[in-house]
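Next come the chains, spelled out residue by residue.
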Amino acid sequence: AQSVTQLDSQVPVFEEAPVELRCNYSSSVSVYLFWYVQYPNQGLQLLLKYLSGSTLVKGINGFEAEFNKSQTSFHLRKPSVHISDTAEYFCAVSGSGNQFYFGTGTSLTVIP
Amino acid sequence: DAGVIQSPRHEVTEMGQEVTLRCKPISGHNSLFWYRQTMMRGLELLIYFNNNVPIDDSGMPEDRFSAKMPNASFSTLKIQPSEPRDSAVYFCASSLWVENSPLHFGNGTRLTVT
């Protein structure tokens, strides 16, 4: 069975400060990892994905994430956040059978 | 690319009425997923289809919920009769049926049952 844990439900951060949103997963098989962003009144949009290869993955809007197999983590980072980054962020894992498992989400609030 | 299209965007109905939500997946995608999002329960997978065939409907809350995919470009989620606890945002997502293919979400239907 696969599962995803997002430890931080809410993360406030000042504008232009760095941010890290944490994601841990559990799986007994190889997985594919994703981060999605949800802006108010919109659907989830793909930020980035890890399929294989380099463990550092770059996505849209200046976000990046690092896959750490030994720690079963896939944390999302941005060196300098903007007001427009205020949104809900979801980590997800998929494996065989194209089943997706989502975390409970982290609400990022950027403070001016 | 038009993306996943859902209709309506908002639906307000009275308890006991039938509600039908619609979804048009991205052309060429052969997997379709219905999710429900609430504050209390987060994102819940209700059902998903592969090549128009329902693969797993274990997330459908009860018999009042039903979903169909009559062809590759259209799916419906029906609630009959609706209840206030069904109030939520319902998302449709599509993807290719390959292991590493990401989901592409529509903008959702916000359902309010009074």
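## Let's talk about the overall build of chain A
1) Next: Looking only at helices and strands, one finds 0 helices and 12 strands in chain A.
2) Next: Taken from N to C terminus, the helices and strands of chain A fall in the order β-β-β-β-β-β-β-β-β-β-β-β.
3) Next: Along the first, second and third principal axes, the C-alpha set of chain A runs to 40 × 30 × 20 Å.
4) Next: Here chain A holds 112 residues, and 46% of them are scored as buried.
5) Next: Within chain A, contacts between residues separated by at least 24 positions form 55% of all contacts whose residues are at least 6 apart in sequence.
6) Next: Summing over all exposed atoms, chain A offers an accessible surface of approximately 5,300 Å²; the carbon and sulfur share of this is 52%.

## A closer look at the state of the cysteines
Defined simply, a disulfide is a covalent bond joining two cysteines at their sulfur atoms.
Residue and element names in this part refer to chain A.
1) Next: Under the definition given, this model contains 2 disulfides over all chains.
2) Next: Between the sulfur of C23 and that of C91 lies a disulfide, 1.9 Å long from S to S. Disulfide C23 to C91: torsion about the S-S bond roughly -65°, handedness left-handed. Here C91 lies in strand β10 (residues 87-94) and C23 lies in the loop between β3 (19-21) and β4 (24-26), a separation of 68 residues in the sequence. As far as the burial class goes, C23 and C91 line up, both buried.

## A word on unusual backbone geometry
Glycine aside, the phi torsion of most residues is negative, and most peptide linkages are trans.
1) Next: Cis geometry is found at the peptide bond from S7(B) to P8(B), where omega equals -10°.
2) Next: Mapping P8(B) onto the fold places it in the loop between β1 (5-7) and β2 (10-13).
3) Next: With a phi close to 45°, T72(A) is a non-glycine residue in the positive phi region.
4) Next: Looking at the element boundaries, T72(A) is found in the loop between β8 (64-68) and β9 (73-78).

Calculation rules
The residue numbers shown here count from 1 along each chain, following its written sequence. To read the labels, note that chains go from A and ligands from 1, taken in the order they are written. Side-chain atom pairs in this predicted model are given and counted only at pLDDT of 80 or more, local residue features only at pLDDT of at least 70, and totals for whole chains, interfaces and linings cover all residues. For the side-chain quantities, the full set of heavy atoms in the structure was used; hydrogens and water were omitted. Working definition: helices are DSSP H or I runs of at least four residues, strands are E runs of at least two. Numbering for both runs from the N terminus. Only protein chains enter the calculation, and the probe is 1.4 Å; a residue is then buried if its accessible area is under 20% of its type maximum, exposed if over 50%, and partly exposed in between. Any two residues whose heavy atoms approach within 4.5 Å are treated as being in contact. Method for areas: the Shrake-Rupley scheme with a 1.4 Å probe, in which residue coverage is limited to the protein chains shown. Put simply, a disulfide is two cysteine sulfurs that come within 2.5 Å.

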